[in-house]
Amino acid sequence: QVQLVESGGGLVQAGGSLRLSCVASGMTFSAHAMAWFRQAPGKERKIVAAINWSGSFTRYEDSVKGRFTISRDDAKNTVYLQMDGLKPEDTAIYYCASKRTADVPTTPTEYATWGQGTQVTVSS
C-alpha cells in the first residue's frame, strides 16, 4: 500500500522557519518525482516546490523562491521542505505528492499519490 505521511507543520511567527517532512512507504521512492503543494481556505491547490527522481532538478513557485528549499533523502524515503522567512500568506495546508516519472509535474492532476496534509500557520 502506497502511503505518504507529512509532519512538521505548526504555528510560527512571520520571519520564522519550519521544516516539513514527508515519509513514503509501499513504493520505489527513488523512481518518483516528489512535490509539495499547498491549499489555503477557499483557494485552489497549487504547487510550492517539486524535485525529480534523482534530486538533480528542482522547481519552485515564484513567491517561495529564495525562501523555501526542497530536498530528498532516498535512504530514508523522505522528502523535505525547508521554509525560511515565512510570511502570513504562506498559511495553508501543505500536501506531499508523488508520481513515478522522470519528469517534474507541476499540476495536482498529474500526481497519483497524496498525503493527508499538515497545517502551517504564520502569524503576523
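The rules behind these values
Residues numbered from 1 in each chain as written. Predicted model: local features only at pLDDT ≥ 70, side-chain atom pairs only at ≥ 80, totals over all residues. Heavy atoms only, no water. Core = buried A, V, L, I, M, F, W, Y, C linked by side-chain atoms within 4.5 Å. Buried < 20%, exposed > 50% of the residue type's maximum accessible area, 1.4 Å probe, protein only. Helix = DSSP H or I, 4+ residues; strand = E, 2+ residues; numbered from the N terminus. Contact = heavy atoms within 4.5 Å. Disulfide = S-S within 2.5 Å. Phe/Tyr/Trp six-rings, centres within 6.5 Å; stacked < 30°, edge-to-face > 60°. Lys NZ or Arg CZ within 6 Å of the ring centre and 35° of its normal.

Further remarks concern the nonpolar core. One broad trend across soluble globular proteins is that nonpolar side chains are buried collectively. Formed by 25 residues in total, the largest nonpolar core has its most connected members in Met34, Trp36, Val79, Leu81, Met83 and Tyr94. Counting residues per element, the ones that place at least two in this core are strand S3 (18-25), strand S4 (32-39), strand S5 (46-51), strand S7 (68-73), strand S8 (78-83), strand S9 (92-100) and strand S11 (118-123). With four residues, S3 is the largest single contributor of residues to this core. With near-sequence residues (within four places) excluded, methionine 83 lies in contact with Gly16, Ser17, Leu18, Leu20, Arg67, Phe68, Tyr94 and Val120. Formed by seven residues, the second largest nonpolar core is a distinct cluster that contains Ile47, Ala50, Ala97 and Tyr111.

Okay, the state of the cysteines next. Throughout the structure, instances matching the rule amount to one disulfide. Shown here is the disulfide that connects cysteine 22 with cysteine 96, its sulfur atoms set 2.1 Å apart. Measuring handedness by torsion sign, the sulfur bridge of cysteine 22 and cysteine 96 sits at about -75° and is left-handed. Of this pair, cysteine 22 sits in strand S3 while cysteine 96 is found in strand S9, placing the two residues 74 residues apart along the sequence. The same class applies to cysteine 22 as to cysteine 96, namely buried.

This part is about the packing of aromatic side chains. For the structure shown, the criterion picks out four aromatic pairs. Between the aromatic rings of phenylalanine 37 and tryptophan 114, the centroid separation amounts to 4.9 Å while the plane-to-plane angle is 55°, which identifies the pairing as tilted. Here the residue phenylalanine 37 occupies a position in strand S4, and tryptophan 114 occupies one in strand S10 (residues 113-114), the gap between them amounting to 77 residues. Here the aromatic rings of tyrosine 111 and tryptophan 114 are separated by 6.4 Å at their centres, their planes lie at 70°, and the arrangement is edge-to-face. Relative accessible area serves as the criterion here: at 5%, tyrosine 111 is assigned to the buried category. Its relative accessible area of 25% is what places tryptophan 114 among the partly exposed residues. Through pairs of rings, three or more aromatic residues link up here, namely Phe37, Tyr95, Tyr111 and Trp114. When the ring centre of tryptophan 114 is taken as origin, the NZ or CZ atom of arginine 45, which lies over that ring, is 4.8 Å away.

On their own, these measurements won't tell you what the molecule is for.
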